[in-house]
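Chain by chain, the residues run as shown.
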Amino acid sequence: MSKTFTPAALIQHQLDMYNAKDLDGWLACYAADARQYTLHGDLLASGHADMRARISSRFSEPDLHARLLNRSVMGNIIVDLELITRNFPEGKGSIEMLCIYEVLDGLIHKASFALGEKCIAVE
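Now for the overall build of the chain. Helix and strand counts for the chain come out as 3 helices and 7 strands. Counted from the first residue to the last, the chain has its helices and strands arranged as α-α-β-β-α-β-β-β-β-β. Its C-alpha atoms give the chain a radius of gyration of 14 Å, within 12% of the compact-globule value 14 Å for 123 residues. In terms of overall dimensions, the chain has a C-alpha envelope of 45 × 30 × 25 Å along the principal axes. Looking at the chain as a whole, 34% of its 123 residues are labelled buried. Restricting to contacts in the chain with at least 6 residues of sequence separation, those with at least 24 account for 46%. A total accessible area of about 6700 Å² is found for the chain, and carbon and sulfur atoms account for 53% of it.

Spelled out as structure tokens, the structure:
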């Protein structure tokens, strides 16, 4: 990544890239060997290739959008609470997600996610 961001600015930039569905811009926020996990649990993706495969289908969802509800910053650890609008198999809806990022040397090296309950929109 050519720009130098503070840890909080980097996390905001990756959120902006997520909402723009800019896969390469989003991946550029992560170290090449970054890892994503469920909170206190399973490895979701390891490295850019796994992350690209995991997020590509999500970026094809027409209503995908993450709205930041709260951000806490403690040095290089950033904790975001987001409300994600998604196109689930059951229909358009939303889900809260807690995202914990560890930033080292200007890139995200580790991210852990906890999901709330899925809420399907009634139309």
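What follows continues from the structure just given.
Counted under the stated rule, the structure contains 4 aromatic pairs. Between tryptophan 26 and tyrosine 30 the ring centres are 4.9 Å apart and the planes differ by 50°, which places this aromatic pair in the tilted class. Note on tyrosine 30: relative accessible area 2%, which makes it buried. Ring centres of tyrosine 101 and phenylalanine 113 lie 6.2 Å apart, and the angle between their planes is 80°; this geometry places the pair in the edge-to-face category. Taken together, the positions of tyrosine 101 in strand E5 (residues 91–104) and phenylalanine 113 in strand E6 (residues 107–115) put the pair 12 residues apart, joining distant regions of the chain. Accessibility classification places tyrosine 101 together with phenylalanine 113 in one group, the buried group. Among the aromatic residues, ring-to-ring pairing joins Tyr18, Trp26, Tyr30 and Phe59 into one connected group.

Turning our eyes to something else, we now look at the side chain of glutamate 61. Checked against the element boundaries, glutamate 61 lands in the loop between helix H3 (47–59) and strand E3 (65–74). For glutamate 61, a relative accessible area of 8% translates into the label buried. Within the structure, glutamate 61 has its side chain in polar contact with the backbone nitrogen of asparagine 87 (distance 2.9 Å). Dropping the residues within four chain positions of it, glutamate 61 is found in contact with Lys21, Arg86 and Asn87.

So, how was this worked out
Residues numbered from 1 in each chain as written. Predicted model: local features only at pLDDT ≥ 70, side-chain atom pairs only at ≥ 80, totals over all residues. Heavy atoms only, no water. Helix = DSSP H or I, 4+ residues; strand = E, 2+ residues; numbered from the N terminus. Rg over C-alpha atoms; globule rule 2.2 N^0.38 Å. Buried < 20%, exposed > 50% of the residue type's maximum accessible area, 1.4 Å probe, protein only. Contact = heavy atoms within 4.5 Å. Areas by Shrake-Rupley, 256 points an atom, 1.4 Å probe, with all protein chains shown as cover. Phe/Tyr/Trp six-rings, centres within 6.5 Å; stacked < 30°, edge-to-face > 60°. Polar contact = N/O pair within 3.5 Å; in protein donor to acceptor, adjacent residues only side chain to side chain.

By themselves these figures say nothing about function.
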